[in-house]
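Working through the structure, step by step
Residues per chain, in single letters:
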Amino acid sequence: MPTITLPDGSKKSFDKPVSGKDVALSIGPGLAKAALGVKINGELKDLSTVIDHDVSLSIVTERDRQKVLDKDGLFLIRHSAAHVMAEAIQDVIGKEVQLAYGPPTDTGFFYDMFVPEGKKISSDQFDAINKRMAEIIKENREFTRYEIGGGDGLQKLKDEGNKYKVDNAERAMGLPSSVYKGAKSAFADDGSKKADANAKLSFYANGTPGKNWEDLCRGPHVPSTGRIGAAIVTSLASSYWHGDENSDRLIRVYGTAFPTQAELDEYLKQKEEASKRDHRVIGKHLRLFHIDEDVGQGLILWTPRGSIVRKELQNFISAELKKQGYTEVFTPHIGRLELYKTSGHFPYYKDSQFAPIVERQALEELSKAGCSCAEMMNRVEGVSARLAAGINERTKAQTIAPDRIMADDKLVEGFMLKPMNCPHHAKIFGSSPHSYRDMPVRLAEFGTVYRWEQSGELNGLTRVRGFTQDDAHLFCTEEQIPGEIQGCLSLVKTIFNVLGMKDYRVRVGLRDPDSSKYTGSAESWDKAEAACIAAAQSLGVSFSKEPGEAAFYGPKIDFVVKDVIGREWQLGTVQVDYQMGNRFDLSYIGPDNKAHRPVVIHRAPFGSMERFCGVLIEHFAGAFPTWLSPEQVRVLPISDKTLDYGREVERSLRERGIRATLDESNERVQAKIKVAADEKIPYMLIVGPRDAENKAVSVRVRGVEKDLGAMPLTKFVDDIVSEIESKSAVLGVKP
RNA sequence: GCCACCGUAGCUCAGUGGUAGAGCACUCCCUUGGUAAGGGAGAGGUCAUGGGUUCAAGUCCCAUUGGUGGCUCCA
């Protein structure tokens, strides 16, 4: 006889097994009506689940008491909507479409499916699919669960001929897949599952089994299709079965669902808002940057306007760094391959670097010597003499004639575009002796680095192949680590605050205790990790510890910032490095008059100027605060008759360092206002004969429908100068 | 890198095998107008690039290149 413990601690006893629905009813009819499912001992289940023993239970509804959408409720709705979408697609496209895998996601759900030759899913069919989904939801059919055990379930799926479902079932039963031979698995093999060829498989019908559409599914689902509320298909993408590119190509159909149409509409509106903020669109519209295919993918050309934003931001960060005792350095964009062999970047990370730059003469000599491409590759990379000699590692067969084997010292020398600034900075540190009294040495550089990102990953300013890091390396003693990490975090705090990015969090990447891939002593690690955690705590924002996320050379802190519409962006990191001192044989003289290894902290808290500017463009939707605006003031004469006064105003502003321009176009002031508003200029100064007479300006502030009235030009100038100096994030002129 | 879709004027986009289009921007003319687009005229194109099919290609096919959305990756 089950006794059920509810979330508030109260208990209810029943004299016979009860369903979740019964429990909800026993609490209240309203709750029973709102119930979508239950959570039994923390596990999400169907509302119809029968309970015959003592459990703790909570009823899952669409919303919590504060009317906020409930995470579990949404999960049930979206998981169920995936089934409805799958049925709709099979109705619209055809039963030949084979379903593979359809889970809910953070923003909706998707269903991966195999579309056979001759059939096609395209966005043209979205209307038809949405219509069919709406019908199924309206029919309010019950989600009916049934189970088949003893291997019959698996046989049923085999008979139906959908290998993806057979694979899912075999995995659910803990059996090795008889159909999937790939190396990688998208499904977690938790290892705890015992293989059981007779295990029960569960199926869900969108209605009556045997009569309506059904699918192998672990569940759980909402009680009936009507409880989904509103669901649509949103987009198409492709994916691979088990994420394995050697495996079948599947079509991933994305959709989303909400309890009500109003919430779905709101979601769509938000998405539209987000796409309006797209930095690539705004960047083009406001002429901030340009990417040119002749220059190359992922390489940013900063136009004059965008350069101002970037430069202002850089000046701001730079000024804060000086306050913290950083010293600025400049280093070249390339370095010898030897350097990167020392640092370990080459050839270990060669897949994400631009190919080496080899002298023309050296190439010619190799070419004349009849060196094959493969040999050149080996020599450039300085691989072992054995490999250079062309011995196939597996077969031990000689692939290059012995007389063409070159000794290691003849390997080709070359240069590389720097993928990181640290090797250069390490060399600067190493170029002069250091006493513990000089430590820490903080070398900062807005250093441009180049990485070979995969072409499919490139995206506007946020994922590029050449970018400028707000980089610095802090060479310090072990004792100095906590203080230096604190300093990095306080810098981040200052800058985020000024930009109005109050909502951010940090992730502390710790080592995985089981692994031996890390360098440095356990004792050092403990200290450094403690320092990272303490620093994160003192920051006063939410942080998470992520074991196993550390770099092999030390723990790290990542910054994730939320913009005004709630999207998260990963920016920069702070990483403790015990390895670099060894690689570059760096040292300082301690109080004991002996040489010690410095620890290095890599820090690029904003990641790159490119990405950070991209995030800021979206954060501000192009409407930058005055201090960052490419154009701070536009002067709009009413007509040509006040052009001269307009010029005078423009000059007065420029003399005080304000970025001002004059609209000399032969247009009515209405048109000039429209254009300036489109370009998100913070201030418009409308000047006509009345203003000219009084040496005044009529001020119009971005985002405000009416002007603030006329004020003396000198007052406006003083006000805006102080606004710019204080970097105030809020626009407005004091009355 | 892989898959799907896409590339037409500076920008946003129409154009389903038969003479290359619109709006905005640009140039010139008229207009001198006090708060979110006054009026007119003009100029602007190797329809991403290269092949192919066809009497005929912006349109169909192939390759290349770039973009978008995903997948995979991100020291």
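Please read these numbers as outputs of a predicted model, since none were measured by experiment.

**Here's the deal with the pairing of strand β4 (residues 35-40)**
When you tally the buried positions in β4, you get five out of six residues, the bulk of the element. Where β4 and strand β5 (residues 43-46) come together, four bridges link them in antiparallel fashion. In the sheet register, K39 faces β5, and the bridge partner there is L44. Hairpin remark: β4 followed by β5, antiparallel, with two residues in the connecting loop; positive phi at N41, about 50°.

**Here we look at the protein's contact with RNA strand B**
Neighbouring residues of RNA strand B: 45 residues in total, closest Y240, S455, E457, N666 and D707. Sugar and phosphate atoms form 46% of the subset of RNA strand B atoms that lie within 4 Å of the protein. A distance of 3.3 Å separates a base oxygen of RNA strand B from a polar side-chain atom of S639. Within the residue set of the surface near RNA strand B, elements represented by two or more residues are β13 (230-240), β14 (249-258), α8 (279-285), α20 (669-678), α21 (689-694) and β33 (696-701). Considering each element in turn, the surface near RNA strand B owes the most residues, six residues, to α20. A class-by-class count of the residues in the surface near RNA strand B yields 14 nonpolar, 14 polar and 17 charged.

**Observations concerning the domain arrangement of chain A**
According to the domain assignment, chain A contains domain 1 (3-61), domain 2 (73-273), domain 3 (309-326 + 421-620), domain 4 (335-414) and domain 5 (626-725). Computed over C-alpha atoms, the centres of domain 1 and domain 3 are 49 Å apart.

**Focus on the sheet that holds strand β12 (residues 214-216)**
The three strands are arranged β10-β11-β12 in an open sheet whose pairing can be described as antiparallel. Taken across any chain shown, the strands that pair with only one partner, and hence form the sheet edges, are β10 (143-148) and β12. Going across the sheet, the axis of each strand differs from the next one's by a mean of 25°, ignoring polarity. Of the strand pairs in this sheet, β10 and strand β11 (residues 201-206) are connected by six bridges, and their pairing is antiparallel. Its bridge partner lying in β11, I148 is registered against L201. Against the sheet, helix α5 (residues 152-160) contacts β10, β11 and β12, and its axis sits at roughly 55° relative to β11. Lying over the sheet, helix α6 (residues 163-172) contacts β11 and β12, oriented at roughly 50° with respect to β12.

**Remarks on a nonpolar patch on the surface**
Judged by side-chain polarity, I334, I357 and F415 come together as a nonpolar surface patch covering roughly 220 Å² of accessible area. For F415, the position within the fold is in strand β20 (residues 414-417).

**Observations regarding the pairing of strand β32 (residues 683-687)**
With five of five residues buried, β32 lies mostly within the body of the structure. Judged by which residues are buried, β32 turns out to be covered on both faces: Y683, L685 and V687 on one side and M684 and I686 on the other are all buried. Judged from the five bridges that link them, strand β30 (residues 633-637) and β32 form a sheet pairing that is parallel. In the sheet register, R634 faces β32, and the bridge partner there is M684. One ladder, built from four bridges, connects β32 with β33; its direction is antiparallel. What sits directly across from Y683, in β33, is V701.

**Digging into the sheet that holds strand β23 (residues 504-510)**
Hydrogen bonds between backbone groups are what pair the strands of a sheet, and the pairing can be parallel or antiparallel. Reading across from one edge, β17-β21-β22-β29-β26-β25-β23-β24 is the order of the eight strands in this open sheet, with mixed pairing throughout. Edge positions in the sheet fall to β17 (327-328) and β24 (543-547), since each of these pairs with one other strand and no more. Pairing of strand β21 (residues 441-450) with strand β22 (residues 466-476) involves 10 bridges; the strand directions are antiparallel. Within β22, the position partnered with L443 by the bridge is H473.

**Quick word on the environment of M376**
One can find M376 in helix α12 (residues 373-381). Of the residues examined, M376 reaches a relative accessible area of 18% and is grouped as buried. Taking the C-alpha atoms as reference points, M376 and V412, 36 residues apart in sequence, are found 8.0 Å from one another. The residues touching M376, leaving out its near neighbours within four places in the chain, are L363, L366, S367 and C371.

**Some thoughts on the packing of helix α15 (residues 481-498) against helix α16 (residues 522-539)**
Look at α15 against α16: their axes get within 9 Å of each other, and the N-to-C directions meet at 35°. Where α15 crosses over α16, the two elements pack in a sense that is right-handed. Between α15, through I481, P482, I485, Q486, L489 and K493, and α16, the contact on the second element is made entirely by A531, C532, A534, A535, A536, S538 and L539. Among the residues making up the contact of α15 with α16, the classes are represented as 10 nonpolar, two polar and one charged.

**A look at the nonpolar core**
Counting residues in each nonpolar core, the largest one holds 87 residues, and the members touching the most others are L313, I485, L499, F612, L653, V697 and F716. Looking at this core, the element that brings in the most residues is α15, giving eight residues. Three or more residues apiece are contributed to this core by two domains, here domain 3 (309-326 + 421-620) and domain 5 (626-725). Counting residues in each nonpolar core, the second largest holds 35 residues, with A81, I136, I228 and A257 among its members.

**Side note on the packing of helix α3 (residues 71-92) against helix α4 (residues 126-139)**
With their axes 8 Å apart at the nearest point, α3 and α4 run at an angle of 125° to one another. The angle between α3 and α4 places the two elements in the oblique class. As for the relative orientation of α3 and α4, their crossing is right-handed in sense. For the pair α3 and α4, contact is made by A81, V84, M85, E87, A88, I89, D91 and V92 and by A128, I129, R132, M133, I136 and I137, respectively. The residue inventory of the contact of α3 with α4, partitioned by class, reads 11 nonpolar, no polar and three charged.

**Observations concerning the side chain of S202**
Along the chain, S202 turns up in strand β11. With relative accessibility at 10%, the residue S202 sits in the buried group. Polar contacts involving the side chain of S202 include one to the main-chain carbonyl oxygen of C217, which spans 2.5 Å. Excluding residues that lie within four positions of it along the chain, S202 makes contacts with R145, Y146, E147, D215, L216, C217 and R218.

Cut-offs and rules
- Residues numbered from 1 in each chain as written.
- Chains lettered and ligands numbered in written order.
- Predicted model: local features only at pLDDT ≥ 70, side-chain atom pairs only at ≥ 80, totals over all residues.
- Heavy atoms only, no water.
- Buried < 20%, exposed > 50% of the residue type's maximum accessible area, 1.4 Å probe, protein only.
- Helix = DSSP H or I, 4+ residues; strand = E, 2+ residues; numbered from the N terminus.
- Pairing = 2+ DSSP bridges.
- Near = heavy atom within 4 Å.
- Polar contact = N/O pair within 3.5 Å; in protein donor to acceptor, adjacent residues only side chain to side chain.
- Nonpolar A, V, L, I, M, F, W, Y, C, P; charged D, E, K, R; others polar.
- Domains from an automatic or database assignment.
- Axes fitted to C-alpha atoms, helices over the stretch in contact; angles between N-to-C directions.
- Contact = heavy atoms within 4.5 Å.
- Patch = residues over 30% accessible without salt bridge, like charges linked within 9 Å, V, L, I, M, F, W, Y side chains within 5 Å.
- Areas by Shrake-Rupley, 256 points an atom, 1.4 Å probe, with all protein chains shown as cover.
- Salt bridge = Lys/Arg side-chain N within 4 Å of Asp/Glu carboxyl O.
- Left-handed = near helix turned anticlockwise from the far one by under 90°.
- Core = buried A, V, L, I, M, F, W, Y, C linked by side-chain atoms within 4.5 Å.
- Parallel < 35°, antiparallel > 145°, perpendicular 65-115°, else oblique.

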